[in-house]
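The chain contents come next:
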Amino acid sequence: MIFITAKFRVKPEHADQWPQISAGFTNATRNEPGCLWFDWSRSIEDPNEYVLVEAFRDGEAGAAHVQSEHFKHAQQTLPQHLAETPRVINTSLDQDDWSLLGEMSVD
């Protein structure tokens, strides 16, 4: 799978509305056949920072994502709400789901 984590620093005046601002992009991406997950979290230390954790089945699914109309639309509409260019980690993993954290096993 393609595993991506990105940090988005949102302008303070848009931070509380970011889930609604990005909702169309989020929903369209989640509906892509190759999307495994696409989840936003808000930092507890910086209320203007959101972290996006996303995964796609493979490189083909990742390519389809960045070539989609909703991705192109997001490239045009989301940056106006951001304080800086998002930072990203993008890697391929030989798995298709989350692994269990054995060090915190729950009985």
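Residues numbered from 1 in each chain as written. Predicted model: local features only at pLDDT ≥ 70, side-chain atom pairs only at ≥ 80, totals over all residues. Heavy atoms only, no water.

Novice: Hey, could you go over the pairing of strand β3 (residues 49-56) for me, with residue numbers and the actual values?
Specialist: Two faces belong to every sheet, and in a regular strand the side chains alternate between them. Of all eight residues making up β3, eight are buried, and the element is well covered by its neighbours. Relative to β3, strand β1 (residues 2-9) is paired through eight bridges, and the arrangement is antiparallel. Note that in β3 the partner of I2 across the bridge is F56. In terms of strand pairing, strand β2 (residues 35-42) meets β3 through seven bridges, oriented antiparallel. Note that in β3 the partner of D39 across the bridge is V53. Hairpin remark: β2 followed by β3, antiparallel, with six residues in the connecting loop. (Buried < 20%, exposed > 50% of the residue type's maximum accessible area, 1.4 Å probe, protein only. Helix = DSSP H or I, 4+ residues; strand = E, 2+ residues; numbered from the N terminus. Pairing = 2+ DSSP bridges.)

Novice: Quick rundown of helix α2 (residues 23-30)? Include the residues and the values.
Specialist: Three or more residues of α2 are buried, namely F25, T26 and T29. Projected down its long axis, α2 carries its buried residues within an arc of 100°, all on one side. Elements in contact with the buried residues of α2: β2, β3, α3 (59-66) and α4 (69-77). (Arc of directions from axis to C-beta. Contact = heavy atoms within 4.5 Å.)

Novice: Could you give an account of the environment of D97, with specific residues and numbers?
Specialist: Relative to the assigned elements, D97 resides in the segment after β4 (87-92). As a C-alpha pair, D97 and K72 span 25 residues in sequence and 27 Å in three-dimensional space. Dropping the residues within four chain positions of it, D97 is found in contact with M1 and W37.

Novice: I'd like to hear about the pattern of salt bridges, residue by residue, with values.
Specialist: Inspection of every chain in the model, using the stated rule, returns eight salt bridges. Across the pair E49 and R87 runs a salt bridge, and its minimum N-O distance is 3.4 Å. Highlighted residues: E49 in strand β3 and R87 in strand β4, separated in sequence by 38 residues. Under the relative-accessibility criterion, E49 is labelled buried at 10%. (Salt bridge = Lys/Arg side-chain N within 4 Å of Asp/Glu carboxyl O.)

Novice: Would you mind going over the packing of aromatic side chains in detail, with residue names and values included?
Specialist: For the coordinates displayed, the defined rule picks out 10 aromatic pairs. Seen in terms of ring centroids, F25 and F38 are 5.5 Å apart; in terms of plane orientation they differ by 90°. Their pairing is edge-to-face. On the criterion of sequence distance, the pair formed by F25 in helix α2 and F38 in strand β2 is long-range, its members being 13 residues apart. As far as burial versus exposure is concerned, F25 and F38 are alike and both buried. Ring geometry for F38 and W40: centres 6.3 Å apart, planes at 85°, overall edge-to-face. Given the relative accessible area of 0%, F38 is considered buried. An aromatic cluster is defined as three or more aromatic residues linked by ring pairs; in this entry it consists of F8, W18, F25, F38, W40, Y50 and F71. (Phe/Tyr/Trp six-rings, centres within 6.5 Å; stacked < 30°, edge-to-face > 60°.)

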